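# A structural walkthrough
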Amino acid sequence: MRTKKTKIKFIILLILVGILLFTAAFAIHLTPYDPYEQDLANALAKPSAQHLFGTDRYGRDMLSRVILGAQTTVFSALALVLIISVTGTILGMVGGYFGGKTDDLIMRISDLFLAFPGMVFAIAVAGVLSGGLKSAVIALACISWTKFARLARSQTLTVKEMPYIAAAKLSGCNGMQILLRHIFPNIAGTMIVTAMLDIGTMIMELAGLSFLGLGATPPMAEWGSMMSNGRSMLQTCPWIVIAPGIAMFVTVALFNLLGDTVRDMI
Amino acid sequence: MDKKTDSILEYRNVDIHYGKKQVIENVSLAMKQGEILGIVGESGSGKSTLIRAAMGLLGEGGAVTQGQILYQGTNATIDMTQIRGEEMRRLRGAEIGMIFQNAGASLCPIRTIEEQLYEAVLEHESISKGEIRDRAQELFEQLRFTNGDQILKSYPFEFSGGMNQRVGIVLAMVLRPRLLLADEPTSALDVTVQLQVLREMKKLRDLYGTSIVLVTHNIGVVNYLADHVAVMHQGKLVEYGTKEEVLNHPQDAYTKKLIGSVLHLKRS
Amino acid sequence: MRKYIIKRLLQLIPILFGITLLTFVLMHTSSVDAVDMMEQNTGMAWTEEQKDAVREELGLDKSVPVQYLNWVGNMLKGDMGTSYISGQPVLQMFLSRLPMTIYLTITSILLTIALSIPLGILSAVRKNKFTDYFIRILSFIGNSMPGFFMALLLMYLFSLKLGWFPVMGSGQGWKSIVLPTLTLAIAMSAKYTRQIRATVLEELKKEYVVGARARGVREKKILVRSVLKASMLTIVTLLSLSIGSLLGGTAIVESIFMWDGVGKMAVDAILTRDYPVIQVYVVWMAIIYVMVNLVTDIIYHYLDPRIRLQENS
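The shown structure was predicted, so the numbers you read here are calculated from the model rather than taken from an experiment. (Residues numbered from 1 in each chain as written. Chains lettered and ligands numbered in written order. Predicted model: local features only at pLDDT ≥ 70, side-chain atom pairs only at ≥ 80, totals over all residues.)

Helix and strand content of chain A: 10 helices and zero strands. Reading the helices (α) and strands (β) of chain A from amino to carboxyl end gives α-α-α-α-α-α-α-α-α-α. Taken along its principal axes, the extent of the C-alpha atoms in chain A is 75 × 50 × 30 Å. Taking the contacts inside chain A whose residues are at least 6 apart along the sequence as the reference set, 68% of them involve residues at least 24 apart. (Helix = DSSP H or I, 4+ residues; strand = E, 2+ residues; numbered from the N terminus. Contact = placed C-beta atoms within 7 Å.)

Each partner contributes residues to the interface: chain C has 18 residues there, and chain B has 24 residues. Of all the elements in the fold, those that place two or more residues in the side of chain C that touches chain B are helix H9 (207–214), helix H10 (219–257) and helix H13 (305–312) of chain C. Counting residues per element, the side of chain C that touches chain B draws most heavily on H9 of chain C, at six residues. A per-class count over the side of chain C that touches chain B returns six nonpolar, three polar and nine charged. (Nonpolar A, V, L, I, M, F, W, Y, C, P; charged D, E, K, R; others polar.)

Contacts between the two partners involve 33 residues from chain A, matched on the other side by 39 residues from chain C. Looking at the side of chain A that touches chain C, the elements that each hand over two or more residues are helix H5 (118–128), helix H8 (175–211) and helix H10 (239–265) of chain A. For the side of chain A that touches chain C, the element with the most residues is H5 of chain A, which contributes eight residues. Tallied by class, residues from the side of chain A that touches chain C come to 23 nonpolar, nine polar and one charged.

Residue and element names in this part refer to chain B. Taken together, four strands build an open sheet; the order of strands is S2-S1-S4-S5 and the sheet is antiparallel. For this open sheet the edge positions go to strand S2 (21–31) and strand S5 (77–79), each flanked by a neighbour on one side alone. Geometrically, the sheet is characterised by an average inter-axis angle of 10 degrees between neighbouring strands, direction not taken into account. (Pairing = 2+ DSSP bridges. Axes fitted to C-alpha atoms, helices over the stretch in contact; angles between N-to-C directions.)

Attention now goes to helix H11 (residues 262–271) of chain C. All names here are of chain C. Among the 10 residues that make up H11, eight are buried, leaving the element largely enclosed by the rest of the structure. Here H11 has its buried residues at Val262, Gly263, Lys264, Met265, Ala266, Val267, Ala269 and Ile270. Downstream of H11 by one or two residues, Arg273 has phi in the positive range, about 55 degrees. (Buried ≥ 20, exposed ≤ 12 C-beta atoms within 10 Å, placed from the backbone.)

The biggest cluster of nonpolar side chains holds 218 residues, and the ones touching the most others in it are Ile123 of chain A, Val213 and Leu214 of chain B together with Tyr281 of chain C. Residues contacting Ile123 of chain A, with those up to four places away along its chain left out, are Leu214 of chain A together with Ala251, Ala266, Val267 and Ile270 of chain C. (Core = buried A, V, L, I, M, F, W, Y, C linked by C-beta atoms within 7 Å.)

For a regular strand, side chains alternate in direction, first toward one face of the sheet and then toward the other. Residue and element names in this part refer to chain B. As paired elements, strand S9 (residues 228–233) and strand S10 (residues 236–242) share six bridges and run antiparallel to each other. If you follow Ala230 over to S10, its bridge partner there is Tyr240. The antiparallel pairing of S9 with S10 creates a hairpin that spans two residues between the two strands, and Gln234 there sits at a positive phi of about 50 degrees.

Residues and elements named next belong to chain B. In space, the six strands of this open sheet follow the order S6-S7-S8-S3-S9-S10, with mixed pairing throughout. Of all the strands in the sheet, just strand S6 (96–99) and S10 have a single pairing partner and so form its edges. Averaged over all pairs of adjacent strands, the angle between their axes in this sheet comes to 15 degrees, without regard to strand direction.

Contact analysis covers two pairs of chains in contact, and the most contacts occur between chains A and C. The smallest C-alpha distance separating chain A from chain B is 16 Å, and no contact links them.

Residues and elements named next belong to chain B. You can see Glu95 is positioned in the loop between helix H2 (85–91) and S6. According to the C-beta neighbour criterion, Glu95 is partly exposed, with 19 such atoms within 10 Å. Residues Glu95 and Leu180 lie 85 residues apart in sequence; the distance between their C-alpha atoms is 8.4 Å. Among residues more than four places away in sequence, those in contact with Glu95 are Gly73, Pro177, Arg178 and Leu179.

All names here are of chain A. Interaxial distance between H8 and H10 falls to 7 Å at its minimum, and their mutual angle equals 165 degrees. Classified by the interaxial angle, the pair formed by H8 and H10 is roughly antiparallel. As for how H8 packs across H10, the hand of that crossing is left-handed. In this structure, H8 uses Val193, Met196, Leu197, Ile199, Gly200, Ile203, Met204 and Ala207 to contact H10, whose residues at the interface are Met248, Thr251, Val252, Phe255, Asn256, Leu258, Gly259, Val262 and Arg263. Considered class by class, the residues forming the contact of H8 with H10 number 12 nonpolar, four polar and one charged. (Parallel < 35°, antiparallel > 145°, perpendicular 65-115°, else oblique. Left-handed = near helix turned anticlockwise from the far one by under 90°.)

All names here are of chain B. The buried count for S9 comes to six of six residues, which makes it a mostly enclosed element. Side-chain alternation along S9 places His228, Ala230 and Met232 on one buried face and Val229, Val231 and His233 on a second face that is also buried. Pairing of strand S3 (residues 36–40) with S9 involves four bridges; the strand directions are parallel. Its bridge partner lying in S9, Gly38 is registered against Val229.

So, on to the packing of helix H1 (residues 2–28) of chain C against helix H12 (residues 275–303) of chain C. All names here are of chain C. Contact pair H1 / H12: the axes reach a minimum separation of 10 Å and the direction vectors enclose 160 degrees. Classified by the angle their axes make, H1 and H12 are roughly antiparallel. In this structure, the crossing between H1 and H12 has a hand that is right-handed. Contact with H1, carried on its side by Tyr4, Ile5, Arg8, Leu12, Ile15, Leu16, Ile19, Thr20, Thr23 and Met27, involves Tyr275, Ile278, Gln279, Val282, Val283, Ala286, Ile287, Val290, Leu294, Asp297, Ile298 and His301 of H12 and no other residues of that element.

Before going further, it helps to spend a moment on the environment of Val121 of chain B. Residues and elements named next belong to chain B. Along the chain, Val121 falls in helix H3 (residues 113–122). For the pair Val121 and Leu179, spaced 58 residues apart in sequence, the C-alpha to C-alpha distance is 16 Å. Apart from residues no more than four positions distant in its own chain, Val121 is found in contact with Ile132, Val174 and Leu175.

Moving on, we get to the environment of Thr81 of chain B. All names here are of chain B. By the element assignment, Thr81 lies in the loop between S5 and H2. Its 19 C-beta neighbours within 10 Å are what place Thr81 among the partly exposed residues. Considered as a pair, Thr81 and Ala53 are 28 residues apart in the sequence and their alpha carbons are 7.7 Å apart.

Listed below in structure tokens is the structure:
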């Protein structure tokens with residue numbers, strides 16, 4: 001339903017998300033201070049005019065670290081969503097369309113991954129791969145692709161029965177062509193919306209792993225690990241935890257709103 | 001506004017809108033007690049909307065924007081467009097009943113017929129479940145079903161279309177409403193079953209004196225059952241009179257087309 | 001009904017096989033040598049001979065398939081290895097901490113149900129009015145906040161600033177469980193409320209609601225007796241899907257609040273590379289998860305008379 005209100009919402013959100021992405025991409029140039037520069041004399045300073053978000057225990061400016069953290073968090077989440085949505089969709093379409101042994105195999109594998117509660121598996125894999133942001137991404141990718149595969153598969157199964165697919169087959173299109181030209185355009189909408197709605201979730205899960213120490217590690221600026229470091233000083237210096245937390249909340253909220261609006265439009 | 005009427009149901013200059021869209025324009029008709037009124041028209045002519053308005057069942061965005069729908073209750077005349085909440089609820093089912101085109105869908109799929117029967121009756125009268133069952137059995141017998149008990153213990157999805165319609169009729173009649181609004185009660189049935197169900201409805205009217213409004217797109221149905229006929233076209237009432245008048249001597253051009261389009265089986 | 005249960009139990013076997021295999025493979029592809037880890041943890045240097053002796057003792061010198069079979073064999077005997085750190089048998093470690101996690105999981109689910117069902121229904125019935133918007137905004141906030149941030153915020157507000165609840169640990173009776181439960185319940189309720197609202201709205205559009213109204217049934221009764229029952233199916237499905245994320249999600253909350261359950265045990269084990277502990281955690285959580293899914297599936301079948309009766313015919 002593309003009402004006017006929805007279109008306006010979409011444009012506003014798109015602009016906001018654009019600003020966010022721009023900030024994340026060019027973070028280095030936009031930070032007021034160097035996020036890695038330590039100033040021990042000024043450590044744990046309360047938020048003030050000079051340091052809007054205060055400083056952390058090494059005297060690093062929190063605002064700068066939060067901005068830089070956006071780059072790490074947001075782009076790794078985007079990469080993650082890209083990987084799982086593309087892989088999952090392809091596997092789901094192939095399985096759904098061709099059926100038979102291929103489909104069975106794909107489904108069995110995804111069942112296996114689904115047998116593990118998500119976080120449990122992610123924690124295990126991330127732990128086994130000895131931490132670091134890359135392993136966190138791989139770990140989450142391993143378990144999250146199944147959602148897209150299942151969705152793509154069930155959508156493909158429905159679309160497969162449509163008369164125009166039979167027509168396409170009769171006019172001589174082979175499997176690949178049908179998949180690309182007829183099936184994919186029809187399921188693309190749903191898949192894109194699912195992917196967009198997943199961005200927020202992935203940001204939170206990556207941050208969660210980093211929080212546990214399984215993802216990004218210091219001195220990398222990443223919201224989850226920043227909050228983990230600030231945990232012990234929660235009572236005395238809450239801004240170290242709250243600043244990245246609010247940044248994450250705003251980011252996730254923006255992506256969620258955007259995803260919702262896109263879904264309303266389709 | 002003057003509310004006196006000697007009809008059991010009267011529409012006076014009724015307009016109905018869904019949001020900004022007008023779906024019924026200036027409809028006036030009246031039916032007497034004990035009558036069967038047939039309302040015919042194509043899909044989209046507004047005939048279902050017309051009777052749903054009488055029970056306040058217009059759905060989201062729908063409202064009677066002008067006119068009155070007068071119902072002659074046991075004590076007083078009521079303007080159905082003006083009452084709400086508890087007042088409306090008390091009339092529904094007990095004094096005015098409705099039969100739906102797909103009676104099976106009008107019942108909750110995961111509850112037994114019995115449960116829903118008790119619920120429908122106990123919302124209006126406090127009588128024992130045994131008595132409710134007896135009443136239902138009586139109705140089933142009128143419709144020539146002897147396995148009433150089994151029917152009650154079943155779920156809607158276990159029945160065929162025709163059976164579901166019968167169940168719908170029983171549920172609508174169990175409280176002996178004075179007025180029955182039937183929204184395409186036989187349209188979803190096979191032709192042979194249709195006739196049976198119509199016969200049963202006529203029988204109930206003869207037995208209990210219920211006034212019936214029958215909405216349908218099938219002229220044959222109206223020919224069989226109705227005393228008076230109203231023809232709806234694009235939200236307007238284009239013809240209204242006795243069955244004889246409307247079917248044999250139609251005045252309006254649309255009515256003529258409608259009647260003329262009915263295929264007759266000629267035995268040569 | 002019984003046939004269905006048996007069928008599902010049989011399907012369980014290959015799944016269990018897959019779980020154990022995958023976990024085993026996972027652990028053994030780690031880039032760290034187990035014995036080197038043990039050496040590190042003792043803080044002393046070992047000679048190569050000592051290490052080889054330990055390897056032989058642990059059976060690590062045998063081929064991988066043999067190791068796997070040994071491991072499964074031991075597991076069936078109840079021996080899943082010992083912790084590299086504490087030397088305790090890991091199965092016992094797991095079982096002794098499991099009750100705490102289950103306790104937390106149950107209270108969270110109960111609180112979630114108590115919150116989300118009424119809020120979801122209220123939101124649906126008052127669609128587009130103020131109540132609805134308010135509830136939807138709350139849900140949205142809950143969905144956009146990661147669990148650990150919520151935990152820390154709650155901790156900051158209620159423990160550190162107001163002092164109502166203990167900051168950490170499980171030792172202070174019912175007070176200890178409030179914040180962890182609240183954290184988990186808020187996150188889940190945010191998701192559920194939305195779903196329930198959508199389900200109820202869909203049910204309300206159905207003909208049987210109009211039918212019941214036409215029969216003069218009161219709105220409240222329609223909601224509670226028919227709509228709720230019909231929505232139950234979706235709600236149960238939701239619950240079963242979420243049990244998975246809940247089982248894993250306790251790990252973070254347990255770590256933050258120092259709640260002595262299996263989640264915290266696993267996180268600690270990962271940080272210290274205590275692989276046997278990780279292994280027992282992963283295998284057992286997976287098994288529990290699969291069993292819970294099975295149970296909810298059966299309940300689902302039982303609730304829907306359409307399926308139940310079809311199975312019997």
